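Notes for the structure review
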Amino acid sequence: MTAADQTTFRADLLRGKTAFIAGGTSGINLGIAKRFTRLGARVAVLGRNPDKARAAAAEIDADAGVSGTIALTADVRDYAAVEAAFAAAVAELGGLDILIAGQAGNFPAPALGMSANAFKAVIDIDLIGSFNLFRAGHQHLNLPGASLIAITAGQAVKPTPLQSHVCAAKAGINILIKTLALEWGPMGIRVNGISPGPIADTEGMRRLAPTPEAEAHVKAVTPLRRFGRTDEIGDAAIYLCSPAGAYVTGTILDVDGGTGAGSFGSPGSLGGII
Ligand code: COA
């Protein structure tokens, strides 16, 4: 149990709740899955690789001292596969209280250095994948009171060289979040986003800041002067999904060390956005 569990949240805050976490097999979303499980939720994680999904479920169980985390495999671009994953999850968990679209694809490349298919791959994984998850998951939500979160990024609101695909996909996610909040609020469904800054031990940071020099640069342009932890994104997700966030919907919550607060990086650098 972490200090945050003891001081910030009751240890049983999410007991009896169920959560489906796409991308929950690594990085930020694995961190969220662990935090949820430690606070009593039953979780299903979805990834593309079955071995990785099984390993993540075992890691989540061991971390929380429980058993029963569900490992699911599907490509979020395949709507039928997403539907099948939900069916498998609810067969074990019953209805879903929480649904997180955390899957993402990224590689730094200039627009002229990527094919149409490369641009489309990221749009499909991030934006279409989020729609597929929310659309297919809707029928399984426990209503009223369900909470949906999409993981977005600072690129959604900050045009960033080498990230045209991600900027376009995440901007789409931001407006999708707000639109679904309007359409689904009357049903008792809240829809929010979390926009993480540079988070340690993630595939994203390995791709965007692959060298010690790049890491140092990102820290230097981050107002809080450090990388965030996956646990800290988990805490934001707990806030949004718990009764503490019951009147919050259509919001994008920046959990980014201040990187989204203004222009702090050198123009034209990746460090300016993360
Ligand atoms: N620069 C330019 N183009 C690239 C590229 C790069 N660094 N990496 C991949 N591509 C292109 C491929 O060449 C391909 O285009 P083509 O068909 O015209 O040759 C296209 O992107 C799709 O790549 P592919 O590997 O077939 O797709 P995929 O679905 O298996 O992978 C990615 C999707 C490309 C987003 C891959 O990086 C991925 O799976 N990422 C998931 C993990 C991740 O990115 N985590 C970080 C999250 S912040």
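Report follows, based on the coordinates. (Residues numbered from 1 in each chain as written. Predicted model: local features only at pLDDT ≥ 70, side-chain atom pairs only at ≥ 80, totals over all residues. Heavy atoms only, no water.)

Take the site of the ligand next. The environment of the ligand is made up of 16 residues, and the closest members are Arg 48, Arg 77, Asn 106, Ser 115 and Arg 207. For the ligand, an oxygen atom lies 2.5 Å from a polar atom in the side chain of Arg 48. Contacts to the ligand include Arg 207, whose side-chain N or O atom sits 2.8 Å from an oxygen atom. For the ligand, whose accessible area on its own is 930 Å², the fraction buried by protein is 56%. If you list the elements that add at least two residues to the shell around the ligand, you get α5 (116-137) and α7 (203-208). Tallying contributions element by element places α5 first for the shell around the ligand, with four residues. Tallied by class, residues from the shell around the ligand come to six nonpolar, six polar and four charged. (Near = heavy atom within 4 Å. Polar contact = N/O pair within 3.5 Å; in protein donor to acceptor, adjacent residues only side chain to side chain. Areas by Shrake-Rupley, 256 points an atom, 1.4 Å probe, with all protein chains shown as cover. Helix = DSSP H or I, 4+ residues; strand = E, 2+ residues; numbered from the N terminus. Nonpolar A, V, L, I, M, F, W, Y, C, P; charged D, E, K, R; others polar.)

In this section: the layout of surface pockets. As a volume, the largest pocket reaches approximately 1100 Å³. Looking at the largest pocket, it is lined by 42 residues, and the ones nearest its centre are Gly 102, Gln 103, Ala 104, Gly 105 and Glu 203. Listing elements by their share of the lining of the largest pocket, those giving two or more residues are α2 (27-38), β2 (42-47), α5, α6 (164-184) and α7. Take the lining of the largest pocket: its biggest share by element is five residues, from α7. When its residues are assigned to classes, the lining of the largest pocket shows 18 nonpolar, 16 polar and eight charged. (1 Å grid on protein atoms, 1.4 Å probe; cavity = no way out; pocket = protein on both sides within 12 Å on 5 of 7 lines; lining within 4 Å. Points joined across faces, edges and corners; volume = space filled by probe spheres on them.)

Let's shift gears to the pattern of salt bridges. Evaluated as defined, the whole model comprises 13 salt bridges. The partner of Asp 12 in a salt bridge is Arg 10, with the nearest N and O atoms 2.9 Å apart. You can call Arg 10 exposed: its relative accessible area is 55%. With a shortest N-O distance of 3.0 Å, Asp 75 and Arg 77 are connected by a salt bridge. For Arg 77, a relative accessible area of 31% puts it in the partly exposed group. If you follow the salt bridges from partner to partner, you end up with Arg 38, Asp 63 and Asp 231 in one network. (Salt bridge = Lys/Arg side-chain N within 4 Å of Asp/Glu carboxyl O. Buried < 20%, exposed > 50% of the residue type's maximum accessible area, 1.4 Å probe, protein only.)

With that out of the way, let us pick up the environment of Thr 251. With respect to the helices and strands, Thr 251 occurs in the loop between α9 (230-241) and β7 (252-255). Sequence separation between Thr 251 and Asn 174 is 77 residues; the distance between their C-alpha atoms is 8.8 Å.

Relative placement of two packed helices is described by the angle separating their axes and the distance separating the axes. Their axes nearest at 9 Å, the elements helix α4 (residues 79-93) and α5 cross at an angle of 45°. Here α5 runs oblique to α4, going by the angle between their axes. The chirality of how α4 crosses α5 is right-handed. Within the contact between the two elements, α4 uses Tyr 79, Val 82, Glu 83 and Phe 86 and α5 uses Asn 132, Leu 133, Arg 135, Ala 136 and Gly 137. Partitioned by chemical class, the residues of the contact of α4 with α5 number five nonpolar, two polar and two charged. (Axes fitted to C-alpha atoms, helices over the stretch in contact; angles between N-to-C directions. Parallel < 35°, antiparallel > 145°, perpendicular 65-115°, else oblique. Left-handed = near helix turned anticlockwise from the far one by under 90°. Contact = heavy atoms within 4.5 Å.)

Quick look at the nonpolar core now. Formed by 33 residues in total, the largest nonpolar core has its most connected members in Phe 20, Leu 46, Leu 133, Phe 134 and Val 191. Listed in part, the 30 residues of the second largest apolar core include Ala 41, Ile 233, Ile 238 and Val 255. (Core = buried A, V, L, I, M, F, W, Y, C linked by side-chain atoms within 4.5 Å.)

Bringing the pairing of strand β4 (residues 98-101) into the picture now. Residues of β4 alternate between two faces, with Ile 98 and Ile 100 on one and Leu 99 and Ala 101 on the opposite face, all of them buried. The pairing of strand β1 (residues 18-22) with β4 spans four bridges and is classified as parallel. Its bridge partner being in β4, Ile 21 is matched across the sheet by Ile 100. Pairing between β4 and strand β5 (residues 146-151): four bridges, direction parallel. Residue Ile 100 lies in a different strand from β5, and its bridge partner there is Ile 149. Crossover β4 to β5 through α5 is right-handed. (Pairing = 2+ DSSP bridges. Right-handed = clockwise from strand over helix to strand, strands pointing away.)

Take the sheet that holds β1 next. In spatial order, the strands read β3-β2-β1-β4-β5-β6-β7; together these seven strands make up an open sheet with parallel pairing. For this open sheet the edge positions go to β3 (70-73) and β7, each flanked by a neighbour on one side alone. Looking at each pair of strands side by side, their axes are set apart by 20° on average, direction ignored. Sitting on the sheet, helix α3 (residues 50-64) is in contact with β2 and β3, with an inclination near 160° to β3. Contacts from α4 reach β1, β2, β3 and β4, with the element oriented near 165° to β3.

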